[in-house]
Amino acid sequence: MKHERFYQHAYSDPLERVVWEPMLQKTTTHYPIARRDPIFTPLFTSFFTTVGFSATTAAFLGAATTAIATTALSIGIQALLAPKPPKPEDGKIPKVQSIPYRQWAVGTNRLAGAYMLWEAKGKDLIAVQAIAGHRIHAVKKYWLHDHEVQLNSNGRTINTGADRYRDRVLIAHRLGLPTETPYADVVSRLSGEGIWTNNHRGDGQASLAMIATSDKAEKQSARFPYGPPSLSVEADCAIVFDYRISSDPTNEAAWVFSKNSALIMAWHQCFSEFGHRRDFTRAILPVLDMWIEEANICDEDVELNGGGTEKRYECNG
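Residues numbered from 1 in each chain as written. Predicted model: local features only at pLDDT ≥ 70, side-chain atom pairs only at ≥ 80, totals over all residues. Heavy atoms only, no water.

### Topic: the overall build of the protein chain
Okay, so step 1: Within the protein chain one finds nine helices and eleven strands.
Okay, so step 2: Taking all 317 residues of the protein chain together, 33% fall into the buried category.
Okay, so step 3: Look at the contacts in the protein chain between residues 6 or more apart in sequence, and 58% of them connect residues 24 or more apart.
Okay, so step 4: When the accessible surface of the protein chain is summed, it comes to about 19200 Å², and 55% of that surface belongs to carbon and sulfur atoms. (Helix = DSSP H or I, 4+ residues; strand = E, 2+ residues; numbered from the N terminus. Buried < 20%, exposed > 50% of the residue type's maximum accessible area, 1.4 Å probe, protein only. Contact = heavy atoms within 4.5 Å. Areas by Shrake-Rupley, 256 points an atom, 1.4 Å probe, with all protein chains shown as cover.)

The structure is reproduced here in structure tokens:
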């Protein structure tokens, strides 16, 4: 009876019920679609009646056309409001990353870090990446995607048996000295707009810079087969205090790169800004002989089944 009352209220014409009931069974609406739109439905119904359709058929077609028109308008409005992707001729390549943490690293690692700069200007894609929040010892190898590349004396990629990246990518790095040197090639391209100037030194932050220059259209796919190059490096990371050289942390000669697990532990406990910041003279110095013994055990050579040796304990991470 509840449904019957609904139908009696909604449909004044029995034929209208025959037309609308199948449509209602395919929708979640609770009243005739024709009554939901007071503008388009009467217009379309009048049009179909004029061209010779019966009143019931014209109402059906009018409502159906209204749904199509409304959907088309909705899609059009959504398209207008949606953010526009960059045009190919703009040379813009969006980069999205979450807010990065400052990371610290010990031993030898392959690092890519987080982007501090990702900008396109003319034919150049310019990027600067922070790889560690402290000074590191050295950068040893470079990769663009998973392809190791070699650099000439000017820092440009050279031909390694393929056209890939040849002479089209300029790479540089900074070790993270207390007062660093700006990337001159980046500054020369972006300082005019104030995007990257000589004030962007990155003091105390190990970093990488890359400038990739696009080639002619017929050579672009050979030079950059995987699209915008992604730079990563192999680096010898934190410089740690070797208490076997000197018990005085102010002795610069005792600060060295090492993978020794005991030396790294003492550095993390007492000297790293990311560590526990304990007092070396109280935590380590009274039992220094024990720490020296543990560091020497870490450096013992262990024979490998396949030949050669490796240190007993190393830390890379």
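### Quick word on the environment of A238
Okay, so step 1: Of note, A238 is situated in strand β8 (residues 231–241).
Okay, so step 2: With relative accessibility at 1%, the residue A238 sits in the buried group.
Okay, so step 3: Linking A238 and A138, residues 100 residues apart in sequence, is a C-alpha distance of 9.3 Å.
Okay, so step 4: Apart from residues no more than four positions distant in its own chain, A238 is found in contact with A105, V106, H134, R135, V256, F257, S258 and W267.

### A few points about the confidence of the model for the protein chain
Okay, so step 1: Across the protein chain, the average pLDDT comes to 84, with 70% of residues at or above 70.
Okay, so step 2: Ignoring residues within four places in sequence, the model shows residues 1–9, a span with pLDDT below 50, making six contacts including any to other chains. (pLDDT = per-residue confidence, 0-100.)

### Brief notes about the sheet that holds strand β3 (residues 124–132)
Okay, so step 1: With antiparallel pairing, the four strands of this open sheet are ordered in space as β2-β3-β7-β6. Of all strands in the sheet, those with a lone pairing partner are β2 (114–121) and β6 (169–174), marking the two edges. Direction aside, the axes of adjacent strands within the sheet are offset by 10° on average.
Okay, so step 2: Where β2 lies against β3, seven bridges are found, and the strand directions are antiparallel. Counterpart to W118 in the pairing with β3 is A127. (Pairing = 2+ DSSP bridges. Axes fitted to C-alpha atoms, helices over the stretch in contact; angles between N-to-C directions.)

### Some remarks on the state of the cysteines
Okay, so step 1: Applying the stated criterion across every chain yields a total of zero disulfides.
Okay, so step 2: For C298, which is in no disulfide, the shortest distance to another cysteine sulfur is to C315 and amounts to 9.6 Å.
Okay, so step 3: With relative accessibility at 7%, the residue C298 sits in the buried group. (Disulfide = S-S within 2.5 Å.)

### A word on the side chain of N260
Okay, so step 1: For N260, the location among the structural elements is in the loop between β9 (255–257) and α7 (261–270).
Okay, so step 2: On the basis of relative accessible area, N260 is assigned to the buried category, the value being 1%.
Okay, so step 3: Only 3.1 Å separates the side chain of N260 from the backbone nitrogen of L263, close enough to count as a polar contact.
Okay, so step 4: Leaving out residues up to four positions away in the same chain, N260 has contacts with R244, A295, C298, D299 and Y313. (Polar contact = N/O pair within 3.5 Å; in protein donor to acceptor, adjacent residues only side chain to side chain.)

### Brief notes about the pairing of strand β4 (residues 136–144)
Okay, so step 1: As paired strands, β4 and β8 are joined by seven bridges and run antiparallel to one another. Looking at β8, one finds that L144 is bridged to L231.
Okay, so step 2: Pairing geometry for β4 and strand β5 (residues 147–149), over three bridges, is antiparallel. For W143, the partnering residue across the bridge sits in β5 and is E148.
Okay, so step 3: Counting the residues in the hairpin turn of β4 and β5 gives two residues, including H145, whose phi is positive at 55°.

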